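Per-entry structural report
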Amino acid sequence: MSLRALASWEKYFCFDTAYNLLSNNFVNCGMNETNFKNKLYTNDNLFILNGMNSNFVDLIYLDPPFNSKRTYSAPVGSKAAGTSFKDMWTWDDVNEAYLEKLAEDYPALEDFINTVSIVHSSAMSAYLTYMTQRIIQMHRVLKDTGSLYLHCDQTASHYLKIVLDNIFGKNNFRNEIVWCYTGPSGAKKNFPAKHDVILRYSKTEDYVFNPSDILIPYSDATLGRREYAETKQKGIKFKGKEYTEYLKGKIPPDWWCDIPSGGQISRKERTGYRTQKPLKLLNRIIEASTNEGDIVLDPFCGCATTCVAAEQLGRKWIGIDIEKQAVGLLMERLGDASGVFDNFINETIPPKRSDVTIVEPTKKEVRERLYKEQERICNGCGNEYLLKDLTTDHIVPVVMGGGSYYENYQLLCANCNSIKSKYPMEYLRMKINARKSKMLTKIVFGR
Ligand SMILES: C[S@@+](CC[C@H](N)C(=O)[O-])C[C@H]1O[C@@H](n2cnc3c(N)ncnc32)[C@H](O)[C@@H]1O
Ligand SMILES: [Zn+2]
């Protein structure tokens, strides 16, 4: 990032953070290492990441939706019943407020994403934009010695790698880990897809890596001849090398076939959350790339596997999920796993950065910025208005836990605002659609 871009980024950021100051909910002051408490945020991770200090966390593991055009729902009766998440992408998922910034700071990525819309689809480029907005923030909050592991699959891994190369720098690419598993498959004319891809990047050259904590046993074949094994057992020199240190095993290669997935996760560990990842997978990642007491962040934490693994390994953690159910599942899991229920805080309001100077904007400035962003249009009916005829509304109503911070504000015309009242946007949309179809019926009958 150029200095000019960096400067404008900080300026932009201060402005943004300042909107949080308008909040009545002063619960969540800036996070720093001395007042740190494990946190589970229930909100869009983009807003939470925006409010976190730079150079703050030691490890980020993310297992985002894969753009696989499926909506996952947990089985009825399972611990995760009622949860589901959208895995289909449209431009509605992209937060327009940050697009200009993205294009300014990462022009090559903008070109790349445009190309993807031609080569692949508009849905894929929307997904990549959505991911890019978040990965930029993840890179910022990661410490210089930190690492990021992005868990994905063949659907988008090749595109995501280009995004990561651009944001982290191609020299900070460390591994493409292939996680293999078995299980039934419906494939008839293809080789069944039985692996995920985990892209590993460090922020700089000087990153934490603890090989001795993740060693796996040598295969019998490697141990080979008995006397070779015996020589190692005794810790004596073999072909001039001292082998005692290596007795414990070897560093796993970049393909992991020793960690069962999905249905093979133990009954006790299983929550029913469709995309739950095994603790063993997270244990390896956390042990390899952090030390005790370090902070682990999972911005798409689902049923909070990363948080549980971090807790068990004596690391601090921050989990973020847009779905409320994550909190309940974490409570249950932490209870089962370690009997600890009360060592974390659940928040919905984004934190406020304490590492930048905050310039407080007025409510007028908030409205003006929204007006520009919404291009003079009411977010409900889509009609154009003068600013004076638009009212400020909480997207997620305050009674449903929505906070008074910039990202939760929108402008609605008076009519839409009175229909929406204290309900979420889905309610307003339903009402508007019902009205439209009624009008259509009238028009058809009127003919
Ligand atoms: C593939 S799952 C993660 C599963 C997780 N690794 C586990 O072991 O349970 C992806 C998760 O991302 C969450 N999610 C999707 N978009 C999000 C967003 N913008 N902010 C926060 N969480 C989001 C979904 O609710 C879902 O729980
Ligand atoms: Zn309206």
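Residues numbered from 1 in each chain as written. Chains lettered and ligands numbered in written order. Predicted model: local features only at pLDDT ≥ 70, side-chain atom pairs only at ≥ 80, totals over all residues.

Before going further, it helps to examine the environment of Asn-408. With respect to the secondary-structure elements, Asn-408 resides in the loop between strand E14 (390-394) and strand E15 (409-413). Overall, the presence of 22 C-beta atoms within 10 Å leaves Asn-408 in the buried class. Separated by 15 residues in the primary sequence, Asn-408 and Asp-393 have C-alpha atoms spaced 8.2 Å apart. (Helix = DSSP H or I, 4+ residues; strand = E, 2+ residues; numbered from the N terminus. Buried ≥ 20, exposed ≤ 12 C-beta atoms within 10 Å, placed from the backbone.)

With that out of the way, let us pick up the site of ligand 1. Residues in contact with ligand 1 amount to 19 residues; listed here are only the nearest, Asp-63, Thr-275, Phe-300, Gly-302 and Thr-305. Considering only residue class, the shell around ligand 1 consists of 9 nonpolar, 5 polar and 5 charged. (Near = placed C-beta within 6 Å. Nonpolar A, V, L, I, M, F, W, Y, C, P; charged D, E, K, R; others polar.)

Attention now goes to the sheet that holds strand E1 (residues 38-42). Sheet architecture is open: 9 strands sit in the order E10-E6-E7-E5-E2-E11-E12-E1-E13, paired in mixed fashion. Looking at which strands have only one partner, the edges of the open sheet turn out to be strand E10 (255-256) and strand E13 (344-347). Two strands pair when backbone bridges link them, and strand E2 (residues 57-62) and strand E5 (residues 142-152) are joined in this way by 5 bridges, in the parallel orientation. In the sheet register, Leu-59 faces E5, and the bridge partner there is Ser-147. Contacting E2 and E5, helix H5 (residues 122-141) runs over the sheet at an angle of about 145° to E5. (Pairing = 2+ DSSP bridges. Contact = placed C-beta atoms within 7 Å. Axes fitted to C-alpha atoms, helices over the stretch in contact; angles between N-to-C directions.)

For the chain, per-residue confidence averages 80 on the pLDDT scale, and 76% of positions sit at 70 or higher. Here residues 1-29 scores under 50 on pLDDT; set against residues more than four positions off or in separate chains, the count is 55 contacts. (pLDDT = per-residue confidence, 0-100.)

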